[in-house]
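# Analysis of the macromolecular model
Single-letter residue listing:
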Amino acid sequence: MRIVFLGTAGYHPNRKRLTSCVMLPDLGIVFDAGDGFSQIREHLKTQELHVFLSHYHWDHVIGLTALTDIVWQKKFTALHIYGRSPISAVHTLFKEPHFPIRLKQHGFPVTLDEWRPGKEWSIGDIRIRARLFPHKSGGSLAFRLEHCGKTIVYLTDTTVTLDAASFVEGADLLICECNFPNAMKELAIRTTHSYPRLVAKLAKAAGVKRLVLFHIAPLLEKPGMLSREAKNIFHSSVLLAEDEMELEI
Ligand SMILES: [Zn+2]
Ligand SMILES: [Zn+2]
C-alpha cells in the first residue's frame, strides 16, 4: 500500500505544511480533508473517492471546498464521505455566505455515511473500523484499515493514552498526531492533543512496526525534536511526516 502525506500541520497551515490529509491513492481512500486535500488532484487515480473524516474542525474538512478543481476534467463518478455524528456538519462548508456551491451541486453523486459504535465498513477487500476518542467539540474518530494482510491506523486530535492500545495493536503503520513537544505537555493536555512521550509509549505497548508523527503545531520551529523525543521510548522506526512524503508498506 502506498501512502502519501499531503497535509501534516495541525490547526493552520504554514509555508511548509498544509493541514491534515493522508491519501492512499491506489485504493481511492483519504483520511481527513484539511487544506492538504486541495493537493490530491495529481494523485487521484480512482474514479471514486472514499474520504474518512476524524471530526469537523476546519483543519480536517476545509479542503473539501476544493472539490471543483480536484475533479476538473477527470473521470470522477462518486464521492463517499464517512464520519461521526452529526455528519450533516459537512454541509456547513458549502453554505452561503461562506461558499456558493452546495455539496450536491458538484456534478457527481455524494453519499454521507455516519458512524455509530460497532459500525465497520468494507470497500471491496478493504476493511475499516473506527473508534471515537476524546477531543474538543465531540470527539475524534480514529480509523484502522486492513488490506492485503497489512494494517494502517490513523489516529489524530486526541491526547493518546494506553487505552488506545487495543485499537492500534500490531499495526504495520501508526500515523499518529504529535502536535506538541514534551515540554509543552500541559498545553497538549489542555487542547486534547498529544506529545511524543505519550505517542511513543502507545506505539511500544501496541507492538506497532512503524510510527509516523503528523499534525504538527505550525509555529514549532524545530519539529525534528518530536521524532527524537519519541525515539527515546519507541526504538523501532519513527518518522516525522512532511508534506508530499510517500511511504510504501
Ligand atoms: Zn486538528
Ligand atoms: Zn481538532
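Residues numbered from 1 in each chain as written. Chains lettered and ligands numbered in written order. Predicted model: local features only at pLDDT ≥ 70, side-chain atom pairs only at ≥ 80, totals over all residues. Heavy atoms only, no water.

The coordination sphere of the zinc ion (ligand 1), as far as protein atoms go, consists of Asp 59 (OD), His 60 (NE2), Asp 157 (OD) and His 215 (NE2), spread over 2.1 to 2.3 Å. When the donors of the zinc ion (ligand 1) are listed by position in the chain, the intervening gaps give D-H-x96-D-x57-H. Separating the zinc ion (ligand 1) from the zinc ion (ligand 2) is a gap of 3.6 Å, bridged by Asp 157, which donates to each. The exposure classification of Asp 59 matches that of His 60, with both residues buried. (Donors = N, O, S within 2.8 Å, 3.2 Å for Na, K, Ca; no water. Buried < 20%, exposed > 50% of the residue type's maximum accessible area, 1.4 Å probe, protein only.)

This part is about the sheet that holds strand 7 (residues 120-123). The strand order across the open sheet formed by seven strands is 7-8-9-10-11-12-13, and the pairing between neighbours is mixed. Edge positions in the sheet fall to strand 7 and strand 13 (237-240), since each has one partner strand and no second. Going across the sheet, the axis of each strand differs from the next one's by a mean of 15°, ignoring polarity. Examined bridge by bridge, strand 12 (residues 210-214) and strand 13 share four bridges and lie parallel to one another. Directly across from Arg 210, in strand 13, lies its bridge partner Ser 237. Strand contacts of helix 6 (residues 224-231): strand 12 and strand 13, with the helix running at about 165° to strand 13, the strand carrying the most contacts. (Pairing = 2+ DSSP bridges. Helix = DSSP H or I, 4+ residues; strand = E, 2+ residues; numbered from the N terminus. Axes fitted to C-alpha atoms, helices over the stretch in contact; angles between N-to-C directions. Contact = heavy atoms within 4.5 Å.)

As a further point, take the coordination of the zinc ion (ligand 2). Listed as protein donors to the zinc ion (ligand 2) are His 55 (NE2), His 57 (ND1), His 135 (NE2) and Asp 157 (OD); their distances from the metal cover 2.2 to 2.4 Å. If you list the donors of the zinc ion (ligand 2) from N- to C-terminus, the spacing comes out as H-x1-H-x77-H-x21-D. Given a relative accessible area of 23%, His 57 falls into the partly exposed group.

Annotation from UniProt places "domain: Metallo-beta-lactamase" (unreviewed entry) at residues 18-193. With 10% helix and 31% strand, residues 18-193 has end C-alpha atoms that lie 18 Å from one another. (UniProt positions renumbered as here; feature names shortened; annotations may be inferred.)

Buried residues of helix 6: Leu 226, Ser 227, Glu 229 and Ala 230, and no others. End-on, the buried residues of helix 6 take up no more than an arc of 160°, which puts them together on one face. (Arc of directions from axis to C-beta.)

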